[in-house]
Amino acid sequence: MKKDALFCVGQKAFIEKDGKILVLNDPVEGLDFPGGKIQEGEAKDGDPESLKSSLKREVKEETGLEIEVFDPFYVWYHEFPKNHRNYPRVVYLVAFKCKYISGDLKLSHEHDKFRWVDKNDYHEVNDRSDYFDVLEKYFL
């Protein structure tokens, strides 16, 4: 019998604006998307909207943007590398389709670059990571 998995739960926002998706760069890991781990007290029993509120908070903190959160479209496990601030955590990530509502993009200290990509140029950010695999699934 396999052991129970121990992991954090996180969410990533695939924010669409004018047909493009926002991708970020984590200076340690590379390709990333706005979002993060759900904090204590954010997930409320019987309230699935609390998860969307958590994601909106993370996006606002990391980018300054206001978004609308739609349904999830993909889930995956991610192990942080040894040189990452979250090592040795494992996170179970839920990718949500989102829409830009308002705000000027201003990155937090967690990311050093951003780019908007569409189905014609998203291959240019291919870093062979699990994050790119999810981006590709978004556009397929």
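Residues numbered from 1 in each chain as written. Predicted model: local features only at pLDDT ≥ 70, side-chain atom pairs only at ≥ 80, totals over all residues. Heavy atoms only, no water.

Summed over all chains, the structure comprises eleven salt bridges. E49 is paired through a salt bridge with K52; the nearest N and O atoms lie 3.7 Å apart. Note that E49 and K52 are positioned in helix α1 (residues 49-63) at a spacing of three residues, about one turn of the helix. Residue R57 is joined to E61 by a salt bridge in which the shortest nitrogen-to-oxygen separation is 3.0 Å. Remark: E61 and R57 occur in helix α1; sequence separation between them is four residues, near one turn of the helix. A network of salt bridges, in which partner residues are shared, links E42, R57, E58 and E61. (Salt bridge = Lys/Arg side-chain N within 4 Å of Asp/Glu carboxyl O. Helix = DSSP H or I, 4+ residues; strand = E, 2+ residues; numbered from the N terminus.)

This model, assessed by the stated rule, comprises 13 aromatic pairs. Arranged with centres 5.8 Å apart and planes meeting at 25°, the rings of Y122 and F132 form a pair that is stacked. Here F132 lies in helix α2 (residues 130-139) and Y122 lies in the loop between β7 (113-117) and α2, a separation of ten residues in the sequence. Residue Y122 is classed as buried on the basis of its relative accessible area, which comes to 5%. By relative accessible area, which is 3% here, F132 ends up buried. Taking the centre distance of 5.3 Å and the plane angle of 85° together, the rings of Y138 and F139 count as edge-to-face. Judged by relative accessible area, which is 18%, F139 ranks as buried. (Phe/Tyr/Trp six-rings, centres within 6.5 Å; stacked < 30°, edge-to-face > 60°. Buried < 20%, exposed > 50% of the residue type's maximum accessible area, 1.4 Å probe, protein only.)

Along the polypeptide, N86 turns up in the loop between β5 (66-79) and β6 (90-102). A polar atom in the side chain of N86 sits 3.4 Å from the side chain of K37. Leaving out residues up to four positions away in the same chain, N86 has contacts with K37 and F80. (Polar contact = N/O pair within 3.5 Å; in protein donor to acceptor, adjacent residues only side chain to side chain. Contact = heavy atoms within 4.5 Å.)

For the chain, per-residue confidence averages 93 on the pLDDT scale, and 100% of positions sit at 70 or higher. At the low end of the mean pLDDT range in the chain sits strand β4 (residues 35-37), at 89; at the high end sits β7, at 98. (pLDDT = per-residue confidence, 0-100.)

Moving on, we come to the environment of E49. Looking at E49, the relative accessible area reads 46%, which means it is partly exposed. Sequence-wise, E49 and M1 are 48 residues apart; in three dimensions their C-alpha atoms are separated by 35 Å.

Here we come to a nonpolar patch on the surface. Taken together, the side chains of F7, V9 and Y77 define a hydrophobic patch exposed on the protein surface, amounting to about 260 Å² of accessible area. Along the chain, F7 falls in the segment before β1 (8-17). (Patch = residues over 30% accessible without salt bridge, like charges linked within 9 Å, V, L, I, M, F, W, Y side chains within 5 Å. Areas by Shrake-Rupley, 256 points an atom, 1.4 Å probe, with all protein chains shown as cover.)

What follows deals with the pairing of strand β2 (residues 20-26). Of all seven residues in β2, five are buried; the element is thus mostly enclosed. In terms of strand pairing, β1 meets β2 through two bridges, oriented antiparallel. The partner of K17 across the bridge, within β2, is K20. The hairpin formed by β1 and β2 contains two residues between the paired strands, and D18 there has a positive phi angle of roughly 55°. The pairing of β2 with β7 spans five bridges and is antiparallel. By the bridge assignment for β7, L24 is matched with F114. One ladder, built from three bridges, connects β2 with strand β3 (residues 30-32); its direction is antiparallel. Paired with L24 across the strands is D32, a residue of β3. Linkage of β2 to β3, two consecutive antiparallel strands, is achieved through a turn of three residues. (Pairing = 2+ DSSP bridges.)

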